[in-house]
Amino acid sequence: MTMNNLKIACTLILLASSILHVSCNRGPYASTNKSYKKQAKAFAKIIKQAPLNDSIATGSWVGTTNFNMRKPNFVIIHHTAQNSCDQTLKTFTLPRTQVSAHYVICKDGTIHHMLNDYLRAWHGGIAKWGNNTDINSSSIGIEIDNDGYETFTDQQLNSLITLLASLKKTYAIPTANFIGHADIAPTRKNDPNVNFPWKRLADSGYGLWWNDTTGVIVPQDFNNLQALRIIGYDIRDSAAVIQTFKRKYEQIDKSPVLTEEDRKILFTLYRKFE
Ligand SMILES: [Zn+2]
């Protein structure tokens, strides 16, 4: 190697190490953050269009002066069924996975915000609640780091409740509309798992809970499945719905049959949805 070549080689090494240094400093999500921005810009371009080019060309464009962004009206709570927060962040930044959520809450209580609340995340999949068959369009998705069996940490629950308070207030989300993934997809999903403290959430104002059943007499003509339908469940698979209901409201994971005590619980809950 000549002296000149050595100089060139040294310069190249220095240059490479400085590039490496810069890319390390930008963090592991620099390129996916760039992709986020690019996609958001493409949507902004569509929103700015005038005259419109969305559904039907009528030949007459008159822009109204009175509007704002659509807002979420449901919150869907999930467990990640993965081994770590890092794994989930990676999953939600790989285009081929086609899944995402607005928020991910780690075991230490850290909340990662991954998507603007006004935009549509891909967390619900094929799902139904009442007559709503496009839950992703009207909801915020919150994923809690949990392998599917663990209990949830206090830090996670505290962060979750802080986040829910902010969402409920900002978007005026009804108390009944804080629900779980299993609620909207009972045949496919069981998250958040049986350890999730739905009562604690309901006591804080997120989701509805049943009343004390002492002395409650369920009317003879009370129809279990119709009550579950009125609450919001898709009752096409009755066994799956009953199991989901018992997991959520009684924290038990067993037979898909409603006992007389289960019926009392269902009855007091259903009356809040009438
Ligand atoms: Zn889920």
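As a reminder, the structure under discussion sits directly above these lines.
A brief structural summary.

How each quantity is defined
- Residues numbered from 1 in each chain as written.
- Predicted model: local features only at pLDDT ≥ 70, side-chain atom pairs only at ≥ 80, totals over all residues.
- Heavy atoms only, no water.
- 1 Å grid on protein atoms, 1.4 Å probe; cavity = no way out; pocket = protein on both sides within 12 Å on 5 of 7 lines; lining within 4 Å.
- Points joined across faces, edges and corners; volume = space filled by probe spheres on them.
- Helix = DSSP H or I, 4+ residues; strand = E, 2+ residues; numbered from the N terminus.
- Nonpolar A, V, L, I, M, F, W, Y, C, P; charged D, E, K, R; others polar.
- Axes fitted to C-alpha atoms, helices over the stretch in contact; angles between N-to-C directions.
- Parallel < 35°, antiparallel > 145°, perpendicular 65-115°, else oblique.
- Contact = heavy atoms within 4.5 Å.
- Disulfide = S-S within 2.5 Å.
- Buried < 20%, exposed > 50% of the residue type's maximum accessible area, 1.4 Å probe, protein only.
- Donors = N, O, S within 2.8 Å, 3.2 Å for Na, K, Ca; no water.
- Core = buried A, V, L, I, M, F, W, Y, C linked by side-chain atoms within 4.5 Å.
- Pairing = 2+ DSSP bridges.
- Expected span 1.5 Å × (residues − 1).

**Observations concerning empty space enclosed by the protein**
Right, on to step 1. Applying the stated criterion across every chain, the model contains 2 cavities of 30 Å³ or more.
Right, on to step 2. Taken as a whole, the largest cavity holds about 70 Å³ of empty space.
Right, on to step 3. Taken together, G180, A182, D183, N190, D191, P192, N193, W198, T244, R247 and K248 form the lining of the largest cavity.
Right, on to step 4. Breaking the lining of the largest cavity down by element, the ones donating at least two residues are α6 (181-184) and α9 (238-250).
Right, on to step 5. Among the elements that take part in the lining of the largest cavity, α9 stands out by supplying 3 residues, more than any other.
Right, on to step 6. Residue composition of the lining of the largest cavity, grouped by class: 3 nonpolar, 4 polar and 4 charged.
Right, on to step 7. Space inside the second largest cavity adds up to approximately 60 Å³.
Right, on to step 8. Around the second largest cavity sit W129, A176, F178, I179, G207, L208, K248, Y249 and F273, which together line it.

**Some remarks on the packing of α9 against helix α10 (residues 260-270)**
Right, on to step 1. Two elements in contact, α9 and α10, have axes separated by 11 Å at closest approach and are oriented at 80°. In terms of their interaxial angle, α9 and α10 are classed as roughly perpendicular. Counted together, F245, K246, Y249 and E250 of α9 and D262, I265, L266 and L269 of α10 form the full contact between these two elements.

**Section: the state of the cysteines**
Right, on to step 1. Inspection of every chain in the model, using the stated rule, returns 1 disulfide.
Right, on to step 2. Here C85 is linked by a disulfide to C106, with a sulfur-sulfur distance of 2.1 Å. Around the S-S axis, the bridge from C85 to C106 shows a dihedral of about -90° and counts as left-handed. In this pair, C85 is assigned in helix α3 (residues 85-91) and C106 in the loop between β2 (103-105) and β3 (111-113), connecting sequence segments 21 residues apart.
Right, on to step 3. Owing to a relative accessible area of 9%, C85 belongs among the buried residues under this scheme.
Right, on to step 4. Classification of C106 by relative accessible area gives buried; the value is 8%.

**Quick notes on the coordination of the zinc ion**
Octahedral six-donor coordination of a metal ideally yields angles of 90 or 180 degrees, compared with 109.5 degrees for tetrahedral four-donor coordination.
Right, on to step 1. The protein atoms donating to the zinc ion are H78 (ND1), H181 (ND1) and D191 (OD), with metal-donor distances spanning 2.1 Å.
Right, on to step 2. One chain supplies every donor to the zinc ion, and in sequence these donors are spaced H-x102-H-x9-D. Of this pair, H78 sits in strand β1 (residues 74-79) while H181 sits in helix α6, and the two are 103 residues apart along the sequence. Like H78, the residue H181 is buried in the burial classification.

**Quick look at the environment of L269**
Right, on to step 1. Looking at where L269 falls in the secondary structure, it is placed in helix α10.
Right, on to step 2. For the pair L269 and I231, spaced 38 residues apart in sequence, the C-alpha to C-alpha distance is 8.2 Å.
Right, on to step 3. Setting aside residues no more than four positions away along its own chain, L269 makes contact with L208, W209, W210, I231, F245 and Y249.

**With respect to the nonpolar core**
Right, on to step 1. V75, I142, L160, L167, F196 and L201 are the most contacted members of the largest nonpolar core, which has 48 residues in total.
Right, on to step 2. Among the elements that line this core, the one with the most residues is helix α5 (residues 154-171), at 7 residues.
Right, on to step 3. Apart from residues no more than four positions distant in its own chain, I142 is found in contact with V75, I76, I77, H78, Y103, I105, L160, L163, L164 and L167.
Right, on to step 4. Core analysis: the second largest hydrophobic core is formed by 6 residues, C85, F92, V104 and C106 among them.

**Description of the sheet that holds β2**
Right, on to step 1. Strand order in the open sheet formed by 5 strands is β3-β2-β4-β1-β5, and the pairing between neighbours is mixed. Of all the strands in the sheet, just β3 and β5 (178-180) have a single pairing partner and so form its edges. Here the average twist between neighbouring strands, direction ignored, is 25°.
Right, on to step 2. Judged from the 3 bridges that link them, β2 and β3 form a sheet pairing that is antiparallel. If you follow V104 over to β3, its bridge partner there is H112.
Right, on to step 3. α5 contacts β1, β2, β3, β4 (139-144) and β5 of the sheet and is inclined by roughly 170° relative to β4.

**A look at α5**
Given 3.6 residues per turn, any residue in an α-helix points the same way as the ones three and four places further on.
Right, on to step 1. Here α5 is 18 residues long and its end C-alpha atoms lie 26 Å apart, about the 26 Å a rise of 1.5 Å per residue gives.
Right, on to step 2. Residues of α5 that are buried include every one of Q156, L157, S159, L160, I161, L163, L164, L167 and Y171, and no others.
Right, on to step 3. Against the buried residues of α5 lie β1, β2, β3, β4, β5 and α7 (198-203).

**Some points on the layout of surface pockets**
A water-sized probe rolled over the atoms picks out the places where empty space is left.
Right, on to step 1. If you add up the space inside the largest pocket, you get close to 2,000 Å³.
Right, on to step 2. The wall of the largest pocket is formed by 49 residues, among which F43, L115, Y118, L119 and R120 lie closest to the centre.
Right, on to step 3. Counting residues per element, the ones that place at least two in the lining of the largest pocket are α2 (30-48), β3 and α4 (135-138).
Right, on to step 4. Counting residues per element, the lining of the largest pocket draws most heavily on α2, which supplies 10 residues.
Right, on to step 5. Along the lines of polarity and charge, the residues of the lining of the largest pocket split into 24 nonpolar, 20 polar and 5 charged.

Distances and angles like these do not, on their own, reveal function.
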